[in-house]
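This is what each chain is made of:
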Amino acid sequence: MKLYYFSAVGVLLSMSLSATELPDRQAQLPSVAKDANAQYLQPNSLSTIPQGKFGDKVRKGYQLFVNSQQMRGTYVGNELNCVNCHMNAGNKANASPLWGAYMAYPAYRKKNDKVNSYEERIQGCFTYSMNGKAPESGSEALVSISAYSYWLAMSGLMNQFNVAGPVPEMSDSDLLKGGNREDFPLPEAITSKLDQQALTKLPGRGFPKLEKPELAYSVERGKLVYQAHCQACHGDDGQGVKMAEVSALPPLWGPQTYNWGAGMHRVNTAANFIYENMPLGKSIQLTVQQAWDVAAFVNAHERPQDPRYKGNVAETQAKYHQHEGFYGKPSAADPSVILGSKSYPIFPASK
Ligand code: HEC
Ligand code: HEC
């Protein structure tokens, strides 16, 4: 069995990062095609979260996850809630469920020889998807979201392998690391069936990889898909719908959504998400081609700046955008405008 987590190395690496350099914590997930026969973990219902201090952390994590707007202005800079992308309170298979994620960290990344802990991965979604400010390492927000994720993963595994009893409690510092480590306490009944590798790749983790479209994706065709299948909920201007000042249907572009550093801005990641999960409430309804086209249309609109931007769109594009995205390219709304050049602010002061 490989040892994935070397804390000394982690400490050294984080010390060598200069204060101004934002670490890249948004590694593209290794997306795999969906297996129609896969069995997904079934975590316990939330009503079984125990009383007491540990249970309170789990409950708090759930609340921050579904109503992230309570962190607006402290850690959250847009109108989104975590649950808008990690659907069904982070439980939905193939919508990047928390139980799948938890067991995959700490994750070792060959590219820059860095180890990402679970809390660091969450920090990434605060910085980019929530256009916010990452909570400090070890903060209550990170502990509680980690506790909630751990509780989903552990109760799901215990159910799958008929392990009785309550989910074992864990210290805050261990919760923050994630479940992919040799000293992670798992019952024998589970480790005898699934090795560490298998646990990092639980079926339903991430967004399933969509096959390539037949034709190169097109923003123009995507606009027609958008009008037919998305506009009723997300608005003709992509701004979603607010009720009583709360975003009931989330915005897809503009100042109030994920920024140019977020995974969802990549056409392939958005296509994976959309094909599987949108239009909401219906089973898969778009063709593969339509999913790619509409993902391109959505992501060819201006949004908050990439937090790694240092004053030059072309440089940011060259350094961080060597993938399927529209940063540094013409805007769908006005092709004379280069996307990134009129971006909205990152982590704006709340209204
Ligand atoms: C019936 C209403 C409805 C329709 C139609 C719909 N969506 Fe959504 N969409 C939602 C809701 C609600 C969420 C948030 C999900 C949640 O919180 O559980 C969402 C979330 C999203 C997100 C992630 C969050 C964000 O704001 O970026 C994207 C991207 C998205 N939808 C794209 C689309 C696309 C593209 C289409 C058309 C193919 C579409 N949606 C159709 C209701 C809808
Ligand atoms: C706009 C959509 C969106 C929102 C909102 C969002 N995320 Fe994510 N999240 C993603 C995407 C996309 C990925 C996968 C990244 C990739 O493949 O590049 C991801 C990945 C993750 C992962 C790792 C998943 C894995 O299996 O490795 C965790 C954990 C996570 N997000 C937690 C959060 C938390 C906590 C919040 C709220 C503070 C949040 N996310 C808000 C889109 C979102």
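What counts, and where the lines are drawn
- Residues numbered from 1 in each chain as written.
- Chains lettered and ligands numbered in written order.
- Predicted model: local features only at pLDDT ≥ 70, side-chain atom pairs only at ≥ 80, totals over all residues.
- Heavy atoms only, no water.
- Helix = DSSP H or I, 4+ residues; strand = E, 2+ residues; numbered from the N terminus.
- Polar contact = N/O pair within 3.5 Å; in protein donor to acceptor, adjacent residues only side chain to side chain.
- Domains from an automatic or database assignment.
- Contact = heavy atoms within 4.5 Å.
- Buried area = accessible area lost by both parts, 1.4 Å probe.
- Salt bridge = Lys/Arg side-chain N within 4 Å of Asp/Glu carboxyl O.
- Core = buried A, V, L, I, M, F, W, Y, C linked by side-chain atoms within 4.5 Å.
- Buried < 20%, exposed > 50% of the residue type's maximum accessible area, 1.4 Å probe, protein only.
- Donors = N, O, S within 2.8 Å, 3.2 Å for Na, K, Ca; no water.
- Tetrahedral: all angles 85-135°; square planar, octahedral: opposite > 155°, others 65-115°.
- Near = heavy atom within 4 Å.
- Nonpolar A, V, L, I, M, F, W, Y, C, P; charged D, E, K, R; others polar.

### Some details on the environment of Asn259
- One can find Asn259 in the loop between β4 (246-249) and α12 (267-277).
- Of the polar contacts made by the side chain of Asn259, one reaches the side chain of Asn131; its length is 3.0 Å.

### Here's the deal with the domain arrangement of the protein chain
- The domains assigned to the protein chain are domain 1 (17-200) and domain 2 (219-320).
- Computed from C-alpha coordinates alone, the two centres of domain 1 and domain 2 are separated by 24 Å.
- Facing the 22 residues of domain 1 at the interface are 29 residues of domain 2.
- Both sides together, the interface formed by domain 1 and domain 2 hides about 2000 Å², and carbon and sulfur atoms give 47% of it.
- Summed over the three residues of domain 1 that lose the most area to domain 2, namely Gln28, Glu79 and Tyr128, the buried surface amounts to 29% of that side.
- The interface formed by domain 1 and domain 2 includes two salt bridges.

### Quick notes on the nonpolar core
- Tyr102, Met103, Phe126 and Tyr150 are the most contacted members of the largest nonpolar core, which totals 84 residues.
- Looking at this core, the elements with two or more residues in it are α2 (53-66), α3 (87-90), α4 (98-102), α5 (118-127), α6 (140-160), α10 (219-229), α12 and α13 (288-299).
- Considering each element in turn, this core owes the most residues, 13 residues, to α6.
- The two domains that each donate at least three residues to this core are domain 1 (17-200) and domain 2 (219-320).
- Excluding its chain neighbours within four sequence positions, the residues that come into contact with Phe126 are Met71, Tyr75, Val76, Asn131, Gly132, Lys133, Ala134, Pro135, Leu142 and Ile145.

### Some thoughts on the coordination of the iron atom of ligand 2
- Here the iron atom of ligand 2 is held by His86 (NE2) and Cys125 (SG), and the distances to it run 2.1 to 2.3 Å.
- Seen from the iron atom of ligand 2, its six donor atoms lie at angles of 88 to 179°, and the figure they make is octahedral. A residue pair is termed long-range when its members are at least 10 positions apart, and His86 in the loop between α2 and α3 and Cys125 in helix α5 qualify at 39 residues.
- Assessed through its relative accessible area of 17%, His86 is described here as buried.
- What makes Cys125 partly exposed here is its relative accessible area of 21%.

### Side note on the coordination of the iron atom of ligand 1
- The iron atom of ligand 1 binds to the protein through His234 (NE2) and Met278 (SD); the donor distances cover 2.0 to 2.3 Å.
- Classification of the site at the iron atom of ligand 1 as octahedral follows from its six donor atoms and the range of 87 to 179° in their angles at the metal. In this pair, His234 sits in helix α11 (residues 231-234) while Met278 sits in the loop between α12 and α13, placing the two residues 44 residues apart along the sequence. For the pair His234 and Met278, a shared accessibility class is recorded, and that class is buried.

### Brief notes about the site of ligand 1
- Around ligand 1, 22 residues are found, and the nearest of them are Cys230, Cys233, His234, Pro251 and Met278.
- Here Pro251 contributes a backbone N or O atom positioned 2.7 Å from an oxygen atom of ligand 1.
- Mapped by element, the contributors of at least two residues to the shell around ligand 1 are α11 and α12.
- Of the residues belonging to the shell around ligand 1, the class tally is 18 nonpolar, four polar and no charged.
- Summarising the domain contributions, the shell around ligand 1 has at least three residues from each of domain 1 (17-200) and domain 2 (219-320).

### Re the site of ligand 2
- The full set close to ligand 2 counts 27 residues, and Cys82, Cys85, His86, Cys125 and Arg266 are the nearest of them.
- Between Tyr105 and ligand 2, the recorded distance is 2.6 Å, taken from a side-chain N or O atom to an oxygen atom.
- In this structure, an oxygen atom belonging to ligand 2 sits 2.7 Å away from a side-chain N or O atom of Arg205.
- A per-element tally of the shell around ligand 2 places α5 first, with five residues.
- When residues are assigned to domains, the shell around ligand 2 turns out to be shared by domain 1 (17-200) and domain 2 (219-320), each giving three or more.

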